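# Close look at the chain arrangement
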Amino acid sequence: YIEQTERFSSPEIQAILPYANPRAITQTYHLLLDITPPPELREAHENLLEGYRFVFAGQKMILAAGLDGVARSEGQFMVEWGVSRVGEHRRLLQEYRH
């Protein structure tokens, strides 16, 4: 499981995820849905999926917001929350290894 998923929560991915193509995020999300984590890493996997969902939803909100500053802020928060969930996946993987 770790070998299959750790690249999707690498520090490099976390840095570029807010700017990633929405189509690539969706494709990655669907790829991740097909991975079955072991029971002890289910929480980590749920964080990873949630992270990609929030980044996508936040990007969509930002694009639709236009000049609406509140909607843009909400979208930005969703993106940041999504990235934090991806980071939590990474943290849980590292914790599991040690």
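### Some thoughts on helix 4 (residues 42-65)
Along its 24 residues, helix 4 runs 34 Å from first to last C-alpha, staying within 8% of the 34 Å computed at 1.5 Å per residue. Taken as a whole, helix 4 has its buried residues at Ala-44, His-45, Asn-47, Leu-48, Leu-49, Gly-51, Tyr-52, Val-55, Gly-58, Gln-59, Ile-62 and Ala-65. The inward-facing, buried residues of helix 4 contact helix 1 (2-5), helix 2 (11-16), helix 3 (22-33) and helix 5 (69-97). One or two residues past the end of helix 4 sits Gly-66, with phi positive at roughly 60 degrees.

### Examining the pattern of salt bridges
For the structure shown, the criterion picks out three salt bridges. Of the charged contacts, one joins Glu-88 and Arg-91 as a salt bridge, the two residues approaching to 2.7 Å between their closest N and O atoms. Taken together, the residues span about one helical turn, with Glu-88 and Arg-91 both in helix 5 at a distance of three residues. Here Arg-91 and Glu-95 are joined by a salt bridge, their closest N and O atoms 2.8 Å apart.

Each value, and the rule that gives it
- All residue numbers refer to position in the chain's written sequence, counted from 1.
- Local features in a predicted model are, by the rule used here, given only for residues with pLDDT of at least 70; side-chain atom pairs are given and counted only at 80 or more, and totals for whole chains, interfaces and linings are based on all residues.
- The side-chain quantities take in all heavy atoms of the structure and omit both hydrogens and water.
- In DSSP terms, a helix is any run of H or I states spanning at least four residues, a strand is any run of E spanning at least two, and both are numbered starting from the N terminus.
- Any helix carries an expected span of 1.5 Å times its number of residues minus one.
- Here's how the labels work: a residue is buried when its accessible area is under 20% of the maximum for its type, exposed when over 50%, partly exposed in between, all with a 1.4 Å probe on protein chains only.
- Contacts: residue pairs with any heavy atoms within 4.5 Å of one another.
- We define a salt bridge as a side-chain nitrogen of Lys or Arg found within 4 Å of a carboxyl oxygen belonging to Asp or Glu.

Bear in mind that shape data such as this cannot, by itself, settle questions of function.
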